[in-house]
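# Remarks on the overall topology
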Amino acid sequence: MRFNRSNTISKSAIIGENVQIGRNTIIHDNVVIRHNSIIGDNCIIGEPNAQSYKDDGYKNARTEIGSNSLIRSGSIIYSGSLFGDYFITGNMVSIREKSVFGKNCSVGTFSDIQGEVEFGDYCRLNSHVQIASKCMFGSFVFIYPMVVFTNDPLPPSDNLIGSTVDNFSQIAAGSIILPGLTIGKHCLIGAKSLINKNVPDFEFHAGNPAVRIGKVNHLWSKEDKRPHYPWPYNFEKNLPWSGIGFDEWTKTEEGRIYAL
Amino acid sequence: MRFNRSNTISKSAIIGENVQIGRNTIIHDNVVIRHNSIIGDNCIIGEPNAQSYKDDGYKNARTEIGSNSLIRSGSIIYSGSLFGDYFITGNMVSIREKSVFGKNCSVGTFSDIQGEVEFGDYCRLNSHVQIASKCMFGSFVFIYPMVVFTNDPLPPSDNLIGSTVDNFSQIAAGSIILPGLTIGKHCLIGAKSLINKNVPDFEFHAGNPAVRIGKVNHLWSKEDKRPHYPWPYNFEKNLPWSGIGFDEWTKTEEGRIYAL
Amino acid sequence: MRFNRSNTISKSAIIGENVQIGRNTIIHDNVVIRHNSIIGDNCIIGEPNAQSYKDDGYKNARTEIGSNSLIRSGSIIYSGSLFGDYFITGNMVSIREKSVFGKNCSVGTFSDIQGEVEFGDYCRLNSHVQIASKCMFGSFVFIYPMVVFTNDPLPPSDNLIGSTVDNFSQIAAGSIILPGLTIGKHCLIGAKSLINKNVPDFEFHAGNPAVRIGKVNHLWSKEDKRPHYPWPYNFEKNLPWSGIGFDEWTKTEEGRIYAL
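Here is a short report on the structure shown in this document.

Reading the values: rules and limits
- Residues numbered from 1 in each chain as written.
- Chains lettered and ligands numbered in written order.
- Predicted model: local features only at pLDDT ≥ 70, side-chain atom pairs only at ≥ 80, totals over all residues.
- Heavy atoms only, no water.
- Helix = DSSP H or I, 4+ residues; strand = E, 2+ residues; numbered from the N terminus.
- Rg over C-alpha atoms; globule rule 2.2 N^0.38 Å.
- Buried < 20%, exposed > 50% of the residue type's maximum accessible area, 1.4 Å probe, protein only.
- Contact = heavy atoms within 4.5 Å.
- Buried area = accessible area lost by both parts, 1.4 Å probe.
- Salt bridge = Lys/Arg side-chain N within 4 Å of Asp/Glu carboxyl O.
- Polar contact = N/O pair within 3.5 Å; in protein donor to acceptor, adjacent residues only side chain to side chain.
- Nonpolar A, V, L, I, M, F, W, Y, C, P; charged D, E, K, R; others polar.
- Least-squares fit on C-alpha atoms with pLDDT ≥ 70 in both.
- Phe/Tyr/Trp six-rings, centres within 6.5 Å; stacked < 30°, edge-to-face > 60°.
- Lys NZ or Arg CZ within 6 Å of the ring centre and 35° of its normal.
- Pairing = 2+ DSSP bridges.

Counting its secondary structure elements, chain A contains 2 helices and 30 strands. Taking 18 Å as the expected radius of gyration for a compact globule of 260 residues, we find that chain A reaches 19 Å, a close match to that expectation. Dimensions of chain A along its principal axes, counting C-alpha atoms only, are 55 × 50 × 30 Å. Looking at chain A as a whole, 62% of its 260 residues are labelled buried. The long-range fraction of contacts in chain A, counting pairs at least 24 apart against all pairs at least 6 apart in sequence, stands at 25%.

Below is the structure:
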């Protein structure tokens, strides 16, 4: 057991059993951390918004971190966000207010989630990812380094409009998604793409600006004995179809929900 | 009132009235923080340069943070920089030595200002922005995520030369500006552009490498009833022409200065 | 001398003579910091991996930081990495497990080294750089802002394969290197390139996707009186051929090793 609690925990925080909290970490009012979770050193959980500095009657919105989560050192999570079980972050992530993550999601080092975004389950964000507010994501969406989701079509404006990404889609490194677009399910966005139009289900788009390259199942790897995409047939690490295969899983009660 | 001062403040720092300073924050020698400002947790203000570790006679250059500023948690600001009133940062920004920001500027989370840069008033930098040293910016310049301003034409070299950007120009997400260029006033740089030549006033350039697309006033939004650019006619949030309109403001004493 | 040690240093850490360690900094088990090195404020050195939270018998892998190093404030370095003498970081870098850096290397602010990477000597990484695991670099390789080295050809997969870069090559800002490629020696990768094939020695590639532009020695600057590349003939700041010239240095015992 690693920590020797020299941190500051609000009296109104609810800390589950077997939770470990690192040095110099601050847990603000109205934070719930469920059992078996770990919060690293120098973290701030439930950071109040700027209103709190001015308003003596300020009440901090509820922040919930699910069980078995790991928030790595230096991360700052604002109040009013909800995280499912098994949530994992890299070091020094910033997550602003009113974001919702389902279970088994991860957010990489130096990623900046700007608040009011929604992720389903089993989403994985790599490092240096930025998600503008009002974007929505399904489940099993993986986002690679330096990807930016924007929300202002003609900046600056007050007409902010997020994009949406459906289940199982993959956004490769360095891509930028312009505002208000829809990326379907099981899509692949190639590295360093500028996405400026909608991407239908099962399509591979790439380029600056991106164009339709074809169906995702045209992409093979040397190691696979079939097309690499839809990728769940070829990758199962820490995923719910591990050991039984994607097809079998889609017949289970859980799998049916996501695979529709 | 939020903080319970367990921080370390230099005796030579000058702290204005009603300033709040977070936990574990360090305020170094010769820092001035003007009234009503807030410095979050785990910040370092007036960080001495590397010389300070070796030289017992080291004197820390003066750092000034204007009134009503908000430096969010985890930010590191080196000594010798000057910030006008109402300066705002995201979390974990890094600002190196001898930078100057006018009033009402903001710098987003994970942005890296490399020192010896100059910004006018009302500039807004989003997250993950990097500004190389020796770049100069007018006022009302907005810079979106993952934009890089470089300063070395043939790296590595000792011939560093920054770029300049004039008033009201907008640099969209993911763009890179090569060294030594001039971007005029009221310009728009499209997302993910590589700017390798000067951009005249009121022009829209985009692409990799960027080309001239046309005058900015060819861009309309669905919501606007006229061209979106010059944008001050369509956006006024927290800006000095709020309520009176851009044209009226340019006739005021303040407006005349910027709008020339 | 700057610090007033209110930090936490493991009893098993070995701290050399004249080492300075900042406030709130944590030095974990089995860390070696050699003489004359400086560790800033709020750093974590030798961060144990996630196993340490669960396993009471966990032993932290050895971490070594060479002499005369400067780890700037807010940086997090995991256990099991080795750094040569004169290692320098910016603020808030993240370096994961089992990475190896030779002597005189630097890693810029907000850079994310994902572990199991290898750098030779005199490598310089600017800010916001991301290096995926399993990448290998020679010596005198300079990497500019927002560059990403990836390692998964068809994400997500288990077939991770890093790229390699040979001595003296330069990777300009905003480029992405796809997995499993070889970049030769004395190459130049232009800004904002997507590298998707090997780059032979002494070549200049640029674009999205990148194409061969020509030999590097076609590039001149106004200031140089000969081609700018190979750059060691025109740049010597803090480099071992400073004062004697690159040609003379390549005849020395040290120079012969790198210049082969």
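Right, let's get into the interface of chain A and chain B. In this assembly, 45 residues from chain A lie in contact with 39 residues from chain B. Between chain A and chain B, a total of about 3,300 Å² is buried, with carbon and sulfur atoms accounting for 58% of that surface. Taken as a group, Tyr 53, Leu 154 and Pro 156 of chain A account for 23% of the area that chain A buries against chain B, more than any other trio of residues on that side. Along the contact surface separating chain A from chain B lie 0 salt bridges. Applying the counting rule to chain A against chain B returns 14 residue pairs in polar contact (both at pLDDT 80 or more). If you list the elements that add at least two residues to the side of chain A that touches chain B, you get strand 7 (44-47) and strand 10 (76-78) of chain A. Residues belonging to the side of chain A that touches chain B are distributed by class as follows: 20 nonpolar, 18 polar and 7 charged.

So, about the relation of the copies chain C and chain A. Between the two copies, chain C and chain A, the superposition gives an RMSD of 0.0 Å; the rotation angle is 120° and the shift along the axis is 0.0 Å. When the rotation and shift are considered jointly, the pair of chain copies conforms to a three-fold rotation axis. By residue overlap, the copies meet through two different surfaces: only 20% of the interface positions of chain C are interface positions in chain A.

Below, the discussion takes up the environment of Thr 63 of chain C. All names here are of chain C. Residue position: Thr 63 is located in strand 8 (residues 63-65). Taking the relative accessible area as the measure of exposure, Thr 63 reaches 0% and is therefore buried. When near neighbours in sequence (up to four residues on either side) are disregarded, Thr 63 contacts Asn 30, Val 31, Val 32, Gly 46, Ile 77, Tyr 78, Ser 79, Gly 80 and Ser 81. A distance of 3.1 Å separates the side chain of Thr 63 from the backbone nitrogen of Gly 80, its partner in a polar contact.

Once chain A has been moved 0.0 Å along the axis and rotated by 120°, it coincides with chain B to within an RMSD of 0.0 Å. Residue by residue, only 20% of the interface of chain A is reproduced at the interface of chain B, so the copies engage with different surfaces.

Further remarks concern the packing of aromatic side chains. Per the stated rule, a full pass over the model turns up 69 aromatic pairs over all chains. Residues Trp 249 of chain A and Tyr 258 of chain A carry aromatic rings whose centres are separated by 5.8 Å and whose planes lie at 15° to one another, so their mutual orientation is stacked. The exposure class of Trp 249 of chain A is buried, given its relative accessible area of 2%. By relative accessible area, Tyr 258 of chain A is classed as buried at 9%. For the ring pair Trp 231 of chain C and Trp 241 of chain C, a centre distance of 5.8 Å and an interplane angle of 55° mean the geometry is tilted. Taken together, the positions of Trp 231 of chain C in the loop between strand 30 (210-215) and helix 1 (246-250) and Trp 241 of chain C in the loop between strand 30 and helix 1 put the pair 10 residues apart, joining distant regions of the chain. Here the two residues Trp 231 of chain C and Trp 241 of chain C agree in accessibility, since each one is buried. A network of ring pairs unites the aromatic residues Tyr 122, Phe 140, Phe 142, Phe 168, Trp 231, Tyr 233, Phe 235, Trp 241, Phe 246, Trp 249 and Tyr 258 of chain A as a single cluster. The ring of Tyr 78 of chain A carries the charged tip of Arg 96 of chain A above its face, separated from the ring centre by 4.2 Å.

All names here are of chain C. The strand order across the open sheet formed by 10 strands is 1-4-7-10-13-16-19-22-25-28, and the pairing between neighbours is parallel. What marks the edges here is a single partner per strand, and that holds for strand 1 (8-9) and strand 28 (194-195). Pairing geometry for strand 4 (residues 26-27) and strand 7 (residues 44-47), over 2 bridges, is parallel. Bridging from a neighbouring strand, Ile 26 pairs with Ile 44 of strand 7.

A few words on the sheet that holds strand 16 (residues 112-113) of chain A. Residues and elements named next belong to chain A. An order of 1-4-7-10-13-16-19-22-25-28 is seen for the 10 strands of this open sheet, with the pairing classed as parallel. The sheet is open, and its two edges are formed by strand 1 (8-9) and strand 28 (194-195), each paired on a single side. In this sheet, strand 13 (residues 94-95) lies alongside strand 10 in parallel orientation, the contact comprising 2 bridges. Looking across to strand 13, one finds that Ile 76 is bridged to Ser 94.

The next subject is unusual backbone geometry. Pro 209 of chain A follows Asn 208 of chain A through a cis peptide bond whose omega is -5°. Inspection of the secondary structure assignment puts Pro 209 of chain A in the loop between strand 29 (203-207) and strand 30 (210-215). Positive phi outside glycine occurs at Phe 110 of chain C, with the angle close to 65°. Mapping Phe 110 of chain C onto the fold places it in the loop between strand 15 (106-107) and strand 16 (112-113). With a relative accessible area of 0%, Phe 110 of chain C lands in the buried category.

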